[in-house]
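# Reading the structure
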4 protein chains.
Amino acid sequence: MNTFGTIFKTSIFGESHGNGIGIVIDGCPSGIPLSTDDLLHDLSRRKAGAKGTTPRKEDDLPEILSGVFNGHTTGAPIAIIFRNNNTKSKDYSQLFDHPRPGHADFVSRVKYGGFNDYTGGGHFSGRITLGLVAAGVIAKKILSPATAAARILEIGGMTDIDKAIEAAQLSKDSVGGIVECTVKGIPVGLGEPFFGSVESEISRAVFSIPAIKGIEFGAGFAVSRMTGSVCNDNIIDADGHAETNNNGGINGGISNGNDIVFRVAVKPTPSISLPQSTFSIKEQKVEPLTITGRHDLCIALRVPVVLEAAAAIALADLSLVAQQSPRVFKGA
Amino acid sequence: MNTFGTIFKTSIFGESHGNGIGIVIDGCPSGIPLSTDDLLHDLSRRKAGAKGTTPRKEDDLPEILSGVFNGHTTGAPIAIIFRNNNTKSKDYSQLFDHPRPGHADFVSRVKYGGFNDYTGGGHFSGRITLGLVAAGVIAKKILSPATAAARILEIGGMTDIDKAIEAAQLSKDSVGGIVECTVKGIPVGLGEPFFGSVESEISRAVFSIPAIKGIEFGAGFAVSRMTGSVCNDNIIDADGHAETNNNGGINGGISNGNDIVFRVAVKPTPSISLPQSTFSIKEQKVEPLTITGRHDLCIALRVPVVLEAAAAIALADLSLVAQQSPRVFKGA
Amino acid sequence: MNTFGTIFKTSIFGESHGNGIGIVIDGCPSGIPLSTDDLLHDLSRRKAGAKGTTPRKEDDLPEILSGVFNGHTTGAPIAIIFRNNNTKSKDYSQLFDHPRPGHADFVSRVKYGGFNDYTGGGHFSGRITLGLVAAGVIAKKILSPATAAARILEIGGMTDIDKAIEAAQLSKDSVGGIVECTVKGIPVGLGEPFFGSVESEISRAVFSIPAIKGIEFGAGFAVSRMTGSVCNDNIIDADGHAETNNNGGINGGISNGNDIVFRVAVKPTPSISLPQSTFSIKEQKVEPLTITGRHDLCIALRVPVVLEAAAAIALADLSLVAQQSPRVFKGA
Amino acid sequence: MNTFGTIFKTSIFGESHGNGIGIVIDGCPSGIPLSTDDLLHDLSRRKAGAKGTTPRKEDDLPEILSGVFNGHTTGAPIAIIFRNNNTKSKDYSQLFDHPRPGHADFVSRVKYGGFNDYTGGGHFSGRITLGLVAAGVIAKKILSPATAAARILEIGGMTDIDKAIEAAQLSKDSVGGIVECTVKGIPVGLGEPFFGSVESEISRAVFSIPAIKGIEFGAGFAVSRMTGSVCNDNIIDADGHAETNNNGGINGGISNGNDIVFRVAVKPTPSISLPQSTFSIKEQKVEPLTITGRHDLCIALRVPVVLEAAAAIALADLSLVAQQSPRVFKGA
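Attention in this report is confined to the structure presented alongside it. (Residues numbered from 1 in each chain as written. Chains lettered and ligands numbered in written order. Predicted model: local features only at pLDDT ≥ 70, side-chain atom pairs only at ≥ 80, totals over all residues. Heavy atoms only, no water.)

## Thoughts on the side chain of B:Ser11
Locating B:Ser11 in the fold gives a position in strand β2 (residues 9-14). Judged by relative accessible area, which is 5%, B:Ser11 ranks as buried. Those residues in contact with B:Ser11 that sit more than four places away from it in its chain are B:Asn2, B:Thr3, B:Gly22, B:Ile23, B:Val24, C:Ser11 and C:Val24. (Helix = DSSP H or I, 4+ residues; strand = E, 2+ residues; numbered from the N terminus. Buried < 20%, exposed > 50% of the residue type's maximum accessible area, 1.4 Å probe, protein only. Contact = heavy atoms within 4.5 Å.)

Take a look at the structure:
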């Protein structure tokens, strides 16, 4: 449920305002150079502070509890934890009875019978993706020399992203965006035909990232308006390279040697300073709601590095699986 | 890899022109009324014959090998098989060295070292979805009284679907489309927060269906252009019903009591009668390619019932999981 | 639940007197020579007919539905089915209310709310191991040149097995036995440290075989009476060979290069011709019970080939997993 | 690989002399009262200090990082960690080239290409079972009012256990033992017929505990010498209670309402003070070996609470699974 992968298994845990959050990675090959420092670059990319992101400043310093010895992975499970230092639980206490629209407050209260940690979004906080980013660093090393790189295509429907953020700040509203990820250098043959397609595994990982409501591969939704003669990517060499890449590097669920390309839609941060209304569970009627505290104006700004991590984790696992099964029997 | 689900586990098998195809469903509750007849309605919805679909006529008659006794599921695994009767393997034999653009011919040859069954697309054929549809019938019974219903929104960018098909027939080309699925009546609380979100599980199942290149939930890609005050779905009653449904019935990955709504992009059938080119593996150069034989002009026409099945399978599994874990401890 | 394995995944189905039984094997490498004939030798070893086994004669003819093409595995899932031809359901109908001691009649009735197929033991019949034996043939090919061979050590406490069977026939009672399996040629390094040890995986597979109540590796229960200086197997060469094999070829859950050796205890067939008693569910009191029909006097006689299959399946999976994870990173 | 369970999923990590060890438990129901104090009793039972156990004194103080809020489980994953305080890495450094007989030194070096953390046994240390014991406390709460209790039956073949330990101390050798676990109050119906039998799941968990070489249920190996009329447990009431319990509370892999009883064989601690020999990897020849440092004389003394934990984890998971699948459909 909170676990992903067949061989490269990641198991995520933590709540926004609890003692700490983290991830356990089982099935990582031994012998990969790894230190805390290796994790910092991607973690800082995810960090708060840029215009449009929350002023909450976490140290975000990872501690590697296990699985690394003499600067290399040991082959045993890798546990990485992060302490929660800068929490303001009082900001959230009154929200228990007033579930914020667009958040998981209502569903988690119902699902867990009111026992959920509701402070700061609890286990549903975007902060949980810290562990995902850390695992992504390791997954990228496994995939190397293949590379995953994500970038923001548009924010609030605009390609001038600064302007979009400024407009949102003025209106005290939040904005969404579109982020694209390109993975270069993946060999032909990753992915399993049914239930384990490259699209299945990437989308499963990606839809764990809060606020994502759509994903498309290659030409994506535009394929629905293409004819076959336009959409088909004609193969031009023995490595599978093609004239076009409408299929986003994937045929029949299997990587085809071209770039794996996908885009996601990120919804605007549900926490906004504007007055809203919600159903009061205590009073059993709709009441006005004002959300105070620190929030991102635009979560999409933080998504690129998390998207890379999700893609890398899915592909690293498929890569380890594909080398074994199904594959050609070398035999007796 | 070819298996889906935590409790309601489906394991799919078969090749288009082999002895047969089918599915094994483990973890199905006992006591569900089930007969071969129950499967026929959805199977006939998937069947060939409508304008724009292939003239190949399979009987598509299911046989239940196990797991049903005295008209009810027994609790033991249910195996359902379909014989392949109407195969024309000779149509495909020359394609081994000429991988068809847009198909899995090239990737499966590389992945399996040339041992793949390439006739009729082998394990990558759309015919494999027969098993999915059969499992979907059972999943729908588990979800009942909730219902899943899919419909075609557009074909080739047009809402007049007959016109779109006729245009494609004239041009000897194929067309794609968009299909929407709505699931009504799902209670609050299905889905697991990380890696097991409703979006994760549905998209993982859906991307197993050949030809799908994108999925979006609720307002989908349109959320990227909304502000938070527009996108947030304000809760208006104790059951979680909301004024709008931009989140497609899902918050934080958990069902929120509103309709679960998602759309998929279906690419045009890659097999077209128009002349194409591909890389000849034998000659090691680009050569012209003409595909003969029977094909769908528009796979999207067959997708609705398969989409319902994929959604039902994912939700039935989440439903069985959610009743136990995490849930409220009734305890000692 | 009815599925085993991480990469080499087997999913078993069927009831003794239903339409058929079988197995689906996902994750099998492509390119392994395989035909129906390859399966027959081990299937015939399991077959009824020897002294002490049931006179029920099944054809036990397997049909490979998928996953094999031109005499080799394709890399797609392999489905193998067996028809049930020689069933006598009437033998069993009166047993629904009179659960046979030592059988699963009572527990399956309770577990499945009376919907279980109780004829011939249903899904709990020893006949279900047919699929296991078929999968075992394929697993043995994956493990080759390593070999698995099982033999009966004793029946009814006696090493003269014919004498033990004759005594049981005279007394109209049944007898148990001990079977030992030795796997030669497994390289160092199979098995995963926690929850995936060689002992964990073999025992998990083996305890699926009906009637087995104990398993021990190497010196087994005798280690509890050894001192460390006796029990330790001193390593004598660079391949890990040791002077003794008290650890049964496994240290810390990982194969150590010596023979993997284990023994199982098989209970006597619970169906006996002698009068017994049981609790009548209908009458809600203890009543006399007489079991008619055909039964093995000694199931242990059929166990060796099934035991080999279980061990081969577990080890083939560990073998495919171990080559990837954890293993040494070859790097960029 | 280092993960166990379908619903109640435990994922274990850590090395003996690394920063810390721990466990993540996913799928735990919400609302279970839980605090650090609840863990201490079983952790202290496992702790060193009794005669025959190592003088190394770990604080063994658990920290709950996540999944608990206001004194109850939240339904989100529970992470529990333990710091390693009292490590003496220098004791072990010379052992890298001299794999200790009976330990995992040799296999882990080969398996992980020399990247394994070999200090203190690394990931193969018995210390890793701390996490298992912590998870066991939670599993016991789920199973409550059912109870699991293990006890030592014999040490070094003797029932006078003090005498056995004294003899071992005098001879500077180590001794093994037999431990029995009884689980009372498990309802009828836990366990899944194939690959998920109660015996399969318990043995899989139990064989993760270092030093265990055999397991038997009910009468165990003694059934091999029984006749069916003796071995069969005659049912005497509607709850499935029987006159005898030779099947150890399990029929056909399913719990039958009687006590679940099993015994394990624990080998003597492989680390002994007596001189031994092993193969020097550096010198490529057999050399004398003397092991210094702190060790248990008899690991079996610490096994009971770990055995209870392993059984409780397996049964808690089966309990959560069984309530859903297969089970009786309540239906539309």
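So that's the structure; there's more coming.
## Some details on the side chain of B:Ser200
Within the fold, B:Ser200 resides in helix α5 (residues 198-206). Of the residues examined, B:Ser200 reaches a relative accessible area of 0% and is grouped as buried. When neighbours within four sequence positions are excluded, B:Ser200 is seen to be in contact with A:Ser203, A:Arg204, A:Phe207, A:Ser208 and B:Phe195.

## What about the relation of the copies chain C and chain B?
Once turned by 180° and shifted 0.0 Å along the axis, chain C lies on chain B with an RMSD of 0.0 Å. What we have between these two chains is a two-fold relation. Of the interface residues in chain C, 100% have counterparts in chain B that sit at the interface too, so the contact is made through matching surfaces. (Least-squares fit on C-alpha atoms with pLDDT ≥ 70 in both.)

## Side note on the packing of α5(B) against helix α7 (residues 303-322) of chain B
All names here are of chain B. At their nearest, the axes of α5 and α7 sit 8 Å apart, and the two run at 140° to each other. In terms of orientation, α5 and α7 fall into the oblique class. Considering only the axes of α5 and α7, their crossing is right-handed. Two secondary-structure elements touch here, α5 through Val198, Glu201, Ile202, Ala205 and Val206 and α7 through Leu307, Ala310, Ala314, Leu315 and Leu318. (Axes fitted to C-alpha atoms, helices over the stretch in contact; angles between N-to-C directions. Parallel < 35°, antiparallel > 145°, perpendicular 65-115°, else oblique. Left-handed = near helix turned anticlockwise from the far one by under 90°.)

## Some remarks on the sheet that holds strand β3 (residues 20-26) of chain B
Residue and element names in this part refer to chain B. The strand order across the open sheet formed by 5 strands is β1-β2-β3-β7-β4, and the pairing between neighbours is antiparallel. Lying at the two open borders of the sheet, with one neighbouring strand each, are β1 (3-4) and β4 (62-66). Taken together, the 2 bridges between β1 and β2 define a ladder with antiparallel strand orientation. Within β2, the residue paired with Thr3 across the bridge is Ser11. (Pairing = 2+ DSSP bridges.)

## Notes on the interface of chain D and chain C
Taken residue by residue, the interface counts 105 residues in chain D and 105 residues in chain C. Roughly 8100 Å² is buried in total at the junction of chain D and chain C, and carbon and sulfur atoms are behind 65% of that figure. The largest per-residue losses of area from chain D upon contact with chain C belong to D:Phe194, D:Phe195 and D:Lys213, which jointly make up 12% of the total buried on that side. In this assembly, chain D and chain C are joined by 6 salt bridges. Linking chain D with chain C are 44 residue pairs in polar contact (both at pLDDT 80 or more), by the criterion used here. (Buried area = accessible area lost by both parts, 1.4 Å probe. Salt bridge = Lys/Arg side-chain N within 4 Å of Asp/Glu carboxyl O. Polar contact = N/O pair within 3.5 Å; in protein donor to acceptor, adjacent residues only side chain to side chain.)

## Brief notes about the pattern of salt bridges
Summed over all chains, the structure comprises 72 salt bridges over all chains. As a salt-bridge pair, A:Arg263 and A:Glu216 come within 2.9 Å of each other at their nearest N and O atoms. Placement of A:Arg263 in strand β13 (residues 260-266) and of A:Glu216 in strand β10 (residues 212-217) is noted, with a sequence separation of 47 residues between them. According to the relative accessible area criterion, A:Arg263 is buried, its value standing at 12%. On the basis of relative accessible area, A:Glu216 is assigned to the buried category, the value being 11%. Between B:Arg204 and B:Glu201 there is a salt bridge, with its nearest N and O atoms 3.5 Å apart. Taken together, the positions of B:Arg204 and B:Glu201, both in helix α5 and 3 residues apart, correspond to about one turn of that helix. For B:Arg204, a relative accessible area of 11% translates into the label buried. Among the charged side chains, a network of salt bridges with common partners joins A:Asp42, A:Arg45, A:Lys140 and A:Glu308.

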